[in-house]
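# Overview (structure and organization)
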Amino acid sequence: MDQAAAQPRKCPGLDCSNDASTLQCPKCKDMGVESFFCSQDCFKRSWAEHKTLHKSTNPLRNFVAPKVVSKVDPETGKFNPYPTYPFTGPLRPVYPLSPKREVPKHIPHPAWSVDGNPRYSFAKRNHIEILDEKAQNAMRKSCKLAREVLDIVGAAVKPGVTTDKLDEICHNACIERNSYPSPLNYNSFPKSICTSVNEVICHGIPDQRPLEDGDIVNLDVSLWFEGYHSDLNETYYVGEKARTNPDLVRLVETTRQCLDLAIAHAKPGVAFKEFGDVIEKHAKSQGLGVVKTYCGHGINTLFHGAPNVPHYAKNKAVGRLRPGMTFTIEPMVTLGSYKDKTWPDDWTSVTVDGQQTAQFEHTLLVTETGIEVLTARKADSPGGPIKLDSAEQNGHAEKPTSTE
């Protein structure tokens, strides 16, 4: 950390309400970006979120391709861009990525569509916006469209389909709804959806790898419609092999339950930090871990804003729920270690032990009496829970059965 700051300012650290000190992020200093933290510990704790700023401000990111060491398959043209990287699990990226998908000019584009920079002010992260009735209705429209898009993509999940094909389906579905896919070029993310397979916790980049029978895949959809963002994700079983794997069913269904329990706990006056207690308690009861690096977030005219909503117990999140707030809860739960590692693409986050992980997310609106799930599933939404009996939930698995 560099010791140089002109004047006191708010610390941009995760869940931090302190004033910044003279401790500056050295990477930001090299880039000419002001970023001062209150302490070394706060900087380390916030690193996973803070480093996304470096992606958007690095001028070489869009011009320097990763070094390719592996040989290109002469028949398919495919290759692994990081053949010497010590992957934590069996999953490998399959390149080349398809060209960037274009959004028609008649659809409004967010600031990052050109250079990848969201141009968000860190100062805004300590202010939780209260939406009026007009803004709430705008969020309802955006979230309704996002649910439609996720259901369309989810229905296409099956063995043999590539995650790049799922990205194409998502992109086209957004365009058909006059919406911009929020992830596209956000901090230089290259695709319109995040597809996180097996050991990938989040931010998986769609590529040429076909899904396999026995995989699980998280589809994270976000879109921007008439100035408002929506955000939701679900984890899907790929093929019958996955749906009859007791460990995967325990993982996926417990994660789904973690989100449901957190939402059931939500109402005006509840502290944001309480959700982590609810989520981790249930995950641990099933022998599962909870990822600490990533969290839920405020969302409306900003894709990501205040508040931060951690999913682990005894966190120090700031703020309480008030009517008119919109935010996400999106627990990430693991079969093994909760710790993460990032691939050289600077996006794909994986478990350090290579074991599978699942995630579910909804965008929520706080009402006068409770919570409105703006991205709620519909009666005909694909996917959905698999019934777990009590023996399986306690780790003595029998063959699961579908509720559909």
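Residues numbered from 1 in each chain as written. Predicted model: local features only at pLDDT ≥ 70, side-chain atom pairs only at ≥ 80, totals over all residues. Heavy atoms only, no water.

### Observations concerning the pairing of strand β11 (residues 305-309)
Judged by how many residues are buried, β11 sits mostly within the fold: five of five residues are covered. Relative to β11, strand β10 (residues 296-298) is paired through three bridges, and the arrangement is antiparallel. Residue His297 lies in a different strand from β11, and its bridge partner there is Asn308. From the end of β10 to the start of β11, which pair antiparallel, there are six residues. (Buried < 20%, exposed > 50% of the residue type's maximum accessible area, 1.4 Å probe, protein only. Helix = DSSP H or I, 4+ residues; strand = E, 2+ residues; numbered from the N terminus. Pairing = 2+ DSSP bridges.)

### Quick notes on the sheet that holds strand β6 (residues 200-202)
Sheet architecture is open: three strands sit in the order β6-β15-β14, paired in antiparallel fashion. Edge strands, defined here as strands with exactly one partner in the open sheet, are β6 and β14 (340-342). Strand-to-strand twist across the sheet, computed as the mean angle between neighbouring axes with direction ignored, equals 45°. Examined bridge by bridge, β6 and strand β15 (residues 349-351) share two bridges and lie antiparallel to one another. Its bridge partner being in β15, Val200 is matched across the sheet by Val350. (Axes fitted to C-alpha atoms, helices over the stretch in contact; angles between N-to-C directions.)

### Regarding the packing of helix α9 (residues 246-265) against helix α10 (residues 274-285)
As a packed pair, α9 and α10 sit with axes 9 Å apart at the nearest point and diverge in direction by 145°. For the pair α9 and α10, the sense of crossing is right-handed. Every residue of α10 that contacts α9 at Thr254, Gln257, Cys258, Leu261, Ala262 and His265 is listed here: Glu274, Phe275, Val278, Ile279, His282 and Ala283. Class assignment of the residues belonging to the contact of α9 with α10 gives a composition of seven nonpolar, four polar and one charged. (Left-handed = near helix turned anticlockwise from the far one by under 90°. Contact = heavy atoms within 4.5 Å. Nonpolar A, V, L, I, M, F, W, Y, C, P; charged D, E, K, R; others polar.)

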